[in-house]
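Close look at the chain arrangement
As a plain string of letters, each chain reads:
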Amino acid sequence: MLGPKEFIDDAIEKIKAQIGDEKAIIALSGGVDSSVCSVLVGEAIGDNLTAVFVNHGLLREGEAEQVQEVFKDRLNFIYVDASDEFLSELEGVKDPEEKRKIIGRVFIEVFEREAEKVDAKFLVQGTIAPDWIETKGQIKSHHNLALPSGMVLELCEPIRDLYKDEVREIGTELGLPDSIVHRQPFPGPGLAVRVIEPLTRENLAIERAADAIVREEVEKAGLDKELWQYFAVLTDTKVTGVKGDQRDFGYLVVIRLISSVDAMTATVPELPWDVIRKISSRITSEVSEVTHVSLSISDKPPATIEFA
């Protein structure tokens, strides 16, 4: 691979050659791949790129605000709060695959509306090498995507030959903050797949609060640099507990802290017990609906990283 600066210079020339003076659009999630891709293409074609950040209501605490703060003045940036649209469709849905299908469908509907407003000819995607290697995809410099309305967008995938560590290097060279460059991977369906029971706004709020505590304590202890992912899962199990001097019947939350290089395999490392106990204590005391916290210690394989 070229050095980061050389790669950026080369990629900008290729992007200019492919897109020219046409309009392009990208779905910016705030993850490192889409963020690097957005800034890279923005460097090449300026405001002819529209970066659309769709808030589906399934983000982690403070995430929507953070993404807006980083990109609102750097890109031709559009924030779309479609949380009510997504959550009304997901209300009461338990099956994780059904959740994914609903989220995928509604996202395309929302994104397509924005693409029509922009009159884009190109769709920029932050595809990286593992994305197509895992699906045995073929490298194609030009191919098209037809949206449901019949709109056809030509794809531009400027970082598709890079691996995650290389993308992070490019992001640093582009001046992106560490909070974006080293952001832990986050599933596209967001917190919907970390709520195991039928989804409601209430249990989504419980999951978001528990997850925020996990992230805060892991980062406070400096473990975020060592871990690939760290999060909470709201299970569909309820257990008896004691709150004050009263018996209570509340949720079981599982915390998952794993190490990995490429997400193909993952291990649960030895973890400081004081950090685990602090996380557990804070969740059960600060999230009133939770009475019990457990730690997942299963590696991948045989487990997967996510629970659903």
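The structure under discussion appears in the preceding block.
Basis of the calculations
- Residues numbered from 1 in each chain as written.
- Predicted model: local features only at pLDDT ≥ 70, side-chain atom pairs only at ≥ 80, totals over all residues.
- Heavy atoms only, no water.
- Core = buried A, V, L, I, M, F, W, Y, C linked by side-chain atoms within 4.5 Å.
- Buried < 20%, exposed > 50% of the residue type's maximum accessible area, 1.4 Å probe, protein only.
- Helix = DSSP H or I, 4+ residues; strand = E, 2+ residues; numbered from the N terminus.
- Contact = heavy atoms within 4.5 Å.
- Disulfide = S-S within 2.5 Å.
- Phe/Tyr/Trp six-rings, centres within 6.5 Å; stacked < 30°, edge-to-face > 60°.
- Lys NZ or Arg CZ within 6 Å of the ring centre and 35° of its normal.
- Pairing = 2+ DSSP bridges.

Attention now goes to the nonpolar core. Among the nonpolar cores identified, the biggest contains 97 residues, and Ile-25, Leu-40, Phe-71, Ile-255 and Ile-283 are the most heavily contacted of them. If one sorts the elements of this core by residue count, helix α2 (residues 32–45) sits on top with 8 residues. Beyond its immediate sequence surroundings of up to four residues, Ile-25 is in contact with Leu-49, Thr-50, Val-52, Phe-111, Glu-114, Ala-115, Val-118, Ala-120, Phe-122, Leu-123, Val-124 and Leu-153.

We now examine the state of the cysteines. Taken as a whole, this structure holds 0 disulfides when the rule is applied. Cys-37 takes part in no disulfide bond, and the closest cysteine sulfur, belonging to Cys-156, lies 6.6 Å away.

The tally for this structure, following the rule as stated, stands at 3 aromatic pairs. Taken together, a centroid distance of 5.9 Å and an interplanar angle of 10° make the contact between Phe-107 and Phe-111 stacked. In this pair, Phe-107 and Phe-111 both sit in helix α5 (residues 96–118), 4 residues apart, roughly one turn of the helix. Overall, Phe-107 belongs to the partly exposed group, its relative accessible area being 27%. In this structure, Arg-60 is placed above the aromatic ring of Phe-186, and the distance from its NZ or CZ to the ring centre is 4.0 Å. Lys-238 extends its terminal NZ or CZ atom over the ring of Tyr-251, reaching a point 4.7 Å from the ring centre.

As for its placement among the helices and strands, Val-93 is situated in the loop between α4 (83–90) and α5. Expressed as a C-alpha distance, the spacing of Val-93 and Leu-199, which sit 106 residues apart in the sequence, is 5.5 Å. Setting aside anything within four residues of it in sequence, one finds Val-93 in contact with Glu-98, Lys-99, Ile-102, Glu-197, Pro-198 and Leu-199.

A few words on the pairing of strand β7 (residues 229–243). Bridge count for β7 against strand β8 (residues 246–258) is 12 bridges, and the pairing is antiparallel. Along β8, the bridge assignment pairs Val-239 with Gly-250. Where β7 hands over to β8, the hairpin turn is made up of 2 residues, of which Gly-244 adopts a positive phi near 70°.

So, to be careful, I would describe these as geometric facts and stop short of saying anything about function.
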